[in-house]
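# Structural overview
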Amino acid sequence: MKRRDFLYLSGVGAAGAVILPNLPAMGNPIDPARALETVDVRIKKELADVALNAAKANGASYADVRIGRYLNQFTVTRENKVLNIANTESYGVGIRVLANGCWGFAATNEVTKDAIAKTAIRAVAVAKANAKIGGAPVQLAPQKGYGEVNWKTPIEKNAFEVPVKEKVDLLLSANAAAMAGGANYVNSVLFAVNEQKYFASTDGSYIDQDIHRIYPSFTVTRIDPKAGSFETRRSLSTPGGMGYEYLTPLENEKVGGITTRYKKRYDILEDIKFATKQAGEKLTAKSVEPGKYDLVLDPSHLWLTIHESVGHPTELDRVLGYEANYAGTSFLTLDKWKSGKFNFGNDKVNIVGDKLQVGSLGAVGYDDEGVKCKKWDIIKNGILVNYQAIRDQAHILGLKESQGCCYSDHWSDVQFQRMPNVSLQPGKTPLSVDDMIKNVEKGIYIIGDGSFSIDQQRYNFQFGGQLFYEIKNGKIAGMLNDVAYQANTQEFWNSTAQICDERDYRLGGAFNDGKGQPGQSSAVSHGSSTTRFNGVNVINTKRKIG
């Protein structure tokens, strides 16, 4: 088949000539046109009532039902080839109940009244079986019903309405620009997600939500055949709760400097040209001299440090020891919070939990327990003041209501506490990145995220990055390589020296953040402005002992 014929078919008729591996986990392959079909909200309400009535009739004191339709599209290329195009759909119903003080859950992919009623009865049976084991009964924070409401990600252009051919052409154009600039290898991908979620509960809520996410990404590789070495540079794009408009560049959404970064719009063709050049520069960049440095961390890098050292350790289930999968428990034990004076960081550090920020991955109207989403303080003036809690955890913190951060990644999985957007608030005094750098005598400016490691208490860590620039006497002195910094969480956040103001504020994020067993994935953003940390230990990742 000729390339143009393949693109035509995959763009307007076929589900994709090549399918990604392990697609059953994502859903069933579908024709792209089917992604634009919808389910009448009246039908969903009727089905939800069947579940709620069946659960109550069989002894449930509380029940909620989630009717979920999950659409995923993946477009994957390498150099001048299309490797994969996949369009998948997963549709089903998950029912959670309280009976005899215990949770029960059951799910079905048979979306009929009869199957849903049987599934609700099965969920109640599971709850009653769990109750026989004993233990303290579930204490569920009160939640008012909202009646029939809806929420939709505020997008300008639905990514699923854009022909696959247009997406492939964009990715291949980016690849071509990299190869023309000297890249040896390049791959690029575009992920689009649409979660159509309907939630109903015996509290009286019927919530219909249409949630969109998008993530373009690439990796450029350049080789030095004489030295036998290679370097890469990944995209500086941000996954977000946006539509395809994110891929329409706007000059006022660009952040200038040593390399261009991006806010609410992304220029993949520009970024990949910079990336190709910078990957080449990394091949000959000076290897860092280990020691203490002041670090100037761009939001494209700092988001990951926030995620690992703040986001995960303030998840209440980790704090309590209920959750230890995907990176352990937490050093932020309840006694530290109860003291009211635990210095997580210095007084410049203000970090919030947030499910509202427009364009973020975590933004929704209501969580998967029917709680209206909100924003709250986690670290206030450096002090640990709160955690992340859901309805059956709220009483532990003396809260009257949930913080609205309950989530399930699929209709077939039970919902549980998941990280909201966790973000460092910008500085209140006007400060640009250039002015920040002017005051640094010996430092390193880090852009982009890289490899990392962190211990099972989320305390001791090490982070790399994409781009490293030496700062000498207030000026950028050139590129560095082989950089990673090490610290413990409390030491690091207490070394915060300056935070740029809100003009520099940007989001980064994790499109697939794992937690739980069986594992679930969620999407979460982390915002910050460029931030300076003083006297941080930097190691050379290329040096060997002996």
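Residues numbered from 1 in each chain as written. Predicted model: local features only at pLDDT ≥ 70, side-chain atom pairs only at ≥ 80, totals over all residues. Heavy atoms only, no water.

It is worth spelling out the overall build of the protein chain at this point. Each helix and strand in the protein chain was counted, giving 10 helices and 26 strands. When the backbone C-alpha atoms are referred to their principal axes, the protein chain occupies close to 75 × 70 × 45 Å. Long-range contacts, defined here as pairs at least 24 residues apart, represent 73% of the contacts in the protein chain between residues at least 6 apart. Accessible surface, the protein chain: about 22300 Å² in total, of which carbon and sulfur atoms supply 51%. Charge separation in the protein chain, taken as the distance between the mean sites of 65 positive and 59 negative side-chain charges, equals 2 Å. (Helix = DSSP H or I, 4+ residues; strand = E, 2+ residues; numbered from the N terminus. Contact = heavy atoms within 4.5 Å. Areas by Shrake-Rupley, 256 points an atom, 1.4 Å probe, with all protein chains shown as cover. Lys, Arg positive; Asp, Glu negative; His and termini not counted. Charge placed at Lys NZ, Arg CZ, Asp CG, Glu CD.)

Take the confidence of the model for the protein chain next. Scored by pLDDT, the protein chain comes out at a mean of 94, with 95% of its residues at no less than 70. Of the regions scoring below 50 in pLDDT, residues 1–24 engages in 43 contacts with residues more than four places distant in sequence or in other chains. (pLDDT = per-residue confidence, 0-100.)

Taken together, 4 strands build an open sheet; the order of strands is 15-14-13-18 and the sheet is antiparallel. For this open sheet the edge positions go to strand 15 (383–384) and strand 18 (421–424), each flanked by a neighbour on one side alone. Note that strand 13 (residues 351–354) and strand 14 (residues 375–380) share 4 bridges and pair antiparallel. Residue Gly353 lies in a different strand from strand 14, and its bridge partner there is Trp376. (Pairing = 2+ DSSP bridges.)

On the surface, Tyr185, Ile223 and Phe230 cluster together to form a nonpolar patch covering roughly 300 Å² of accessible area. A residue is classified by how much of its surface remains accessible, and Tyr185, at 39% relative accessible area, is partly exposed. (Patch = residues over 30% accessible without salt bridge, like charges linked within 9 Å, V, L, I, M, F, W, Y side chains within 5 Å. Salt bridge = Lys/Arg side-chain N within 4 Å of Asp/Glu carboxyl O. Buried < 20%, exposed > 50% of the residue type's maximum accessible area, 1.4 Å probe, protein only.)

Let us look at helix 4 (residues 164–180). End to end, helix 4 covers 24 Å across 17 residues, agreeing with the expected 24 Å (1.5 Å per residue, within 8%). Taken together, the buried positions of helix 4 are occupied by Val164, Lys167, Val168, Leu171, Leu172, Ala174, Asn175, Ala177 and Ala178. Gly182 lies just past helix 4 and shows a positive phi near 110°. (Expected span 1.5 Å × (residues − 1).)

Right, let's talk about helix 2 (residues 41–57) for a bit. In this model helix 2 runs 24 Å from its N-terminal to its C-terminal C-alpha over 17 residues, within 8% of the 24 Å that 1.5 Å per residue would give. Within helix 2, burial applies to Lys44, Leu47, Ala48, Asp49, Ala51, Leu52, Ala54 and Ala55. Taken together, the buried residues of helix 2 touch strand 2 (62–78), strand 3 (81–99), helix 3 (113–131), strand 6 (185–201) and strand 7 (205–224).

What follows deals with the pattern of salt bridges. In the structure shown here, the tally under the stated rule is 37 salt bridges. A salt bridge links Lys254 to Glu251; the nearest nitrogen and oxygen atoms lie 2.9 Å apart. Residue Glu270 is joined to Lys254 by a salt bridge in which the shortest nitrogen-to-oxygen separation is 3.3 Å. With Glu270 in helix 5 (residues 268–284) and Lys254 in strand 9 (residues 254–255), this pair connects stretches of sequence that are 16 residues apart. With a relative accessible area of 22%, Glu270 lands in the partly exposed category.

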